[in-house]
Amino acid sequence: MSSIIQLLPDHVANQIAAGEVVQRPASVVKELLENAVDAKATDIKLIIKDAGKSLVQVIDNGLGMSVTDARMCFERHATSKIRQAEDLFSLCTKGFRGEALASIAAIAHMEMKTKQDQEELGTHIVIEGSKFVSQEVAVLPKGTSFAVKNLFFNIPARRNFLKSDTVEFRHVMDEFQRVALAHPNIHFTFYHNGSEMYNLPSSNFRQRIVGIFSGRTNEKLVPVNEDTEIISIQGFVCKPEFAKKNRGEQFFFVNDRFIKSGYLHHAVMAAYDGLLKDGCQPSYFLYLQVPPNTIDINIHPTKTEIKFDDEQALYAILRASIKHSLGQFNVSPILDFDRDSNLDTPYHYKDVEAETPTIQVDGTFNPFTDDKTNKHYSKSGSASGSVFNSSYSGYSKRVEPTASWESLYVGLETESIESSPFTFENEEVTSSLFNDNDVEQAVQKTYQIHKKYIVSPIKSGMVIVDQQRAHQRILYEQFLLNMTVNQASSQQLLFPLNLFYSSDEMTLIEELKPSLETTGFVFELPQTDHIVISGIPVNITESEVSMVIEQLLSDLQDGIPASSYSQNDTIAKSMAKSLAVKTGSYLTEKEQDNLVNGLFACKDPNISPFQKPTFITMRVEDIDKKFAL
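The rules behind each value
- Residues numbered from 1 in each chain as written.
- Predicted model: local features only at pLDDT ≥ 70, side-chain atom pairs only at ≥ 80, totals over all residues.
- Heavy atoms only, no water.
- Buried < 20%, exposed > 50% of the residue type's maximum accessible area, 1.4 Å probe, protein only.
- Helix = DSSP H or I, 4+ residues; strand = E, 2+ residues; numbered from the N terminus.
- Pairing = 2+ DSSP bridges.
- Axes fitted to C-alpha atoms, helices over the stretch in contact; angles between N-to-C directions.
- Contact = heavy atoms within 4.5 Å.
- Phe/Tyr/Trp six-rings, centres within 6.5 Å; stacked < 30°, edge-to-face > 60°.

With that settled, consider unusual backbone geometry. Positive phi, close to 65 degrees, is recorded for Asp 256, a residue that is not glycine. According to the relative accessible area criterion, Asp 256 is partly exposed, its value standing at 29%. The backbone of His 450 sits at a positive phi, close to 55 degrees, despite the residue not being glycine. Residue position: His 450 is located in the loop between strand E16 (447-449) and strand E17 (453-458).

This brings us to the pairing of strand E6 (residues 143-149). A large share of E6 lies buried, amounting to six of its seven residues. Alignment of strand E2 (residues 55-60) against E6, held across six bridges, turns out to be antiparallel. From the neighbouring strand, Asp 60 faces E6, where its bridge partner is Thr 144. As paired elements, strand E3 (residues 109-115) and E6 share seven bridges and run antiparallel to each other. Counted as the bridge partner of Thr 114 is Thr 144 from E6.

In space, the eight strands of this open sheet follow the order E5-E4-E3-E6-E2-E1-E7-E8, with mixed pairing throughout. Two strands close off the open sheet at either side, each with one partner strand: strand E5 (131-138) and strand E8 (195-200). Neighbour to neighbour, the strand axes of the sheet diverge by 10 degrees on average, direction disregarded. Where helix H6 (residues 165-182) meets the sheet, it contacts strand E1 (43-49), strand E7 (187-192) and E8, and its direction lies at approximately 175 degrees from that of E7. The strands touched by helix H7 (residues 205-212) within the sheet are E7 and E8, with E8 carrying the most contacts at an inclination of about 165 degrees.

On to the packing of aromatic side chains. For the coordinates displayed, the defined rule picks out 18 aromatic pairs. Taking 6.5 Å as the distance between ring centres and 70 degrees as the angle between the ring planes, the aromatic pair formed by Phe 74 and Phe 146 counts as edge-to-face. Taken together, the residues Phe 74 in the loop between helix H3 (67-72) and helix H4 (100-106) and Phe 146 in strand E6 connect sequence positions 72 residues apart. Phe 146 carries the same exposure label as Phe 74, and that label is buried. Ring centres of Tyr 263 and Tyr 315 lie 5.1 Å apart, and the angle between their planes is 45 degrees; on these two criteria the pair is classed as tilted. Of the two residues, Tyr 263 sits in helix H8 (residues 262-271) while Tyr 315 sits in helix H9 (residues 311-328), which places them 52 residues apart along the sequence.

Attention shifts here to the sheet that holds strand E12 (residues 257-259). Taken together, the five strands give an open sheet; going across it, the order is E9-E10-E13-E11-E12, and neighbouring strands pair in mixed fashion. Edge positions in the open sheet fall to strand E9 (221-227) and E12, since each of these has one partner strand only. For this sheet the average axis-to-axis angle between neighbouring strands, irrespective of direction, equals 20 degrees. Across seven bridges, the pairing between E9 and strand E10 (residues 232-238) is antiparallel. Note on E10: the bridge partner recorded for Pro 223 is Phe 236. The strands touched by H7 within the sheet are E9, E10 and strand E13 (284-289), with E10 carrying the most contacts at an inclination of about 35 degrees.

Set out below in structure tokens:
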């Protein structure tokens, strides 16, 4: 029998490995940026075109590579980070597997330029689909430059599964932000289609966070600092009043590596217990330092999951340190009824030494001099208009006494007014336009159950309406009608609203501006970090504007639909979800009637915008069957 097992060629093995390592252009960005950080670069430039589909280029001023290393780095399992298996438990670098460059070179056109500082000439290598096209000597600056072009050119199925440029660019932005936040001591520059997106000079943690997420972030941050034997925690959490609907600004860094951990996230949420509104998520930027031998990084190709030796202890320390920071800054309430908050020392004056107050003395003052001016004034003011005399020596004119108050009434005739006796009714007299027999007592037609359902009787039985889904359907059709047919009316604000957002959120808002204006919003984009709203739709209150826009940005995290109808549909659904009456809200009888009547006036009252039933009917026959034994 012939053998059927064979060794795969290197280029096939690299393409298979690329399926795990390189999922989209953002994966290439992550791998190349981390290699530049491992090369001890102090200045890193990221240049992309068409959201990374056409070009991803990373230029650094790191150590560079020799001629041998430049050729060897494209081989599988070739790395300078580890030498033996024990090194996996003492990792201080980003990469260690030696698969990234080989996987990227197997599915793209790749060009590398590198030069070491002590060498006069560098190396220029061109690879297309794992095949070396050329290798030349070139005059280059110190450092390394990788240019990845035409990603997935030889795997059209993978290329067709890529999302739109907006979605792919968002993923690239996320990877860039994670690396830039983890290394504030490195100067990062980011260009997309020739436009500069970020220019982040070397700074500290706080300045790097503010540089990425706009200037208003500075006032939201509360520092966290805790140092123990098993973990060192530094970073910032945001105040509860700035919590958002989405989880976009939540970052954990362990030994300068971005990770995702639902367990540690639960510790943060436990520290905020009782401080957040329902459905809101706090923002945090936490940098954890633990001994390398207490964690295992090699459990996932993306290296974003880590196993800890003692997760329970880390959970308790993280929760306690965040609670302590929130309490220090008077963010969380303190149950001390005998404490006077006016006597508290402000936090920024805690370590400031007290200064001796300065006293000014007038040496020329003499209380016994004769030429001093006495500033005494007469006091006047009773209802009768009398003026009081004063015996103070400082008056220049003596005030003569006036006649007594009785003189004001001399000459007035007094007549006795006889008060006639008044009669009061013992019983309240009410009148009616109609006889009581002619008035029908109004019967309540709708009932609210558990502040969730509205029951209304019909001829065949009764209808039970879900108040939240019904209101979503009503608002959805109203918004969609305003955006497609009618011109939406807008109410002007007396004082414009200034709302601040991050750069990627501002990019989304700028793309949504025409559609939002058709719903009734009137706003401007004066700068790159905030918008100025001067008009809002008539069915939105001023306090709901921020919530509506945040919900819309959260719903569009995966990108804006290409067609205008799909875009309007997405906006109408998001706004309807934000503004609809929630479960647990009490409705008056009139509101219940309006909600039921409005639902059945819709074009499609049976389902909500999210394809869920809005009401059910129960016939009398069905109820009778329940009582039949």
